[in-house]
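# A look at the structure
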Amino acid sequence: MKGKIGEYVKNVEKACGDVKEYIAILKQEKQKEATQKIAGKGKIKSMVAGVLLKMDYKGKEVSISGNKVLIRNIQSADEAEKILEELLE
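Let us look at the structure shown here. (Residues numbered from 1 in each chain as written. Predicted model: local features only at pLDDT ≥ 70, side-chain atom pairs only at ≥ 80, totals over all residues. Heavy atoms only, no water.)

So, about the side chain of E86. Inspection of the secondary structure puts E86 in helix α3 (residues 77-87). Owing to a relative accessible area of 18%, E86 belongs among the buried residues under this scheme. The residues touching E86, leaving out its near neighbours within four places in the chain, are K41, Y57 and K58. (Helix = DSSP H or I, 4+ residues; strand = E, 2+ residues; numbered from the N terminus. Buried < 20%, exposed > 50% of the residue type's maximum accessible area, 1.4 Å probe, protein only. Contact = heavy atoms within 4.5 Å.)

This is the structure:
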């Protein structure tokens, strides 16, 4: 991965199930910084004790828990990477 996404994300993979979801695994040493950047870009819907953050970004539901970022309503890995690149700018 190149650009900002390569600086913060280890890999992006399709989640199991019928729903179009992709999971990005954040690099441990960049997790806090990445979470702050992502949280600042969307409309926060809920936060549970600083452990789970749910937000909307351009009509996509983004959830952050630990070092995992789940993006829902995504059609492809390329689209997931594009959204992540925008969130991590």
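This is not the end of the story, as more comes after the structure.
Going through the model one piece at a time under the given rule, you end up with nine salt bridges. For the salt bridge of E33 with K30, the shortest nitrogen-to-oxygen distance reads 3.8 Å. Of the residues examined, K30 reaches a relative accessible area of 22% and is grouped as partly exposed. Through salt bridges with shared partners, a single ionic network connects E21, K45, D56, E61 and R72. (Salt bridge = Lys/Arg side-chain N within 4 Å of Asp/Glu carboxyl O.)

All right, on to the pairing of strand β3 (residues 43-48) then. Within a regular strand, side chains alternate between the sheet's two faces. Of the pairings in the sheet, the one linking β3 to strand β4 (residues 52-57) comprises five bridges and is antiparallel in character. Across the sheet, S46 pairs through a bridge with K54, a residue of β4. With antiparallel pairing between neighbouring strands as the criterion, β3 and β4 make up a hairpin whose turn holds three residues, including A49 at a positive phi of roughly 45 degrees. (Pairing = 2+ DSSP bridges.)

Extensive coverage of strand β5 (residues 60-65) is indicated by the burial of five of its six residues. The pairing of β4 with β5 spans six bridges and is classified as antiparallel. What sits directly across from M55, in β5, is V62. Here β4 hands over to β5 after two residues, with K58 in that stretch at a positive phi of 50 degrees. As judged from the four bridges shared by β5 and strand β6 (residues 68-72), these two strands associate in the antiparallel manner. Along β6, the bridge assignment pairs S63 with L70. Here β5 folds back onto β6, and the loop between the two strands holds two residues, one of which, G66, carries a positive phi near 60 degrees.

Further remarks concern the sheet that holds strand β1 (residues 9-14). The strands making up a sheet associate through hydrogen bonds between their backbones, and the pairing can be parallel or antiparallel. Across the sheet, six strands lie side by side as β1-β2-β6-β5-β4-β3; this open sheet has antiparallel pairing. Both outer strands of the open sheet, β1 and β3, are each paired with one neighbouring strand and no more. Shown here is a sheet whose adjacent strand axes are inclined to one another by a mean of 15 degrees, direction ignored. As paired strands, strand β2 (residues 21-26) and β6 are joined by five bridges and run antiparallel to one another. Its bridge partner lying in β6, Y22 is registered against I71. (Axes fitted to C-alpha atoms, helices over the stretch in contact; angles between N-to-C directions.)

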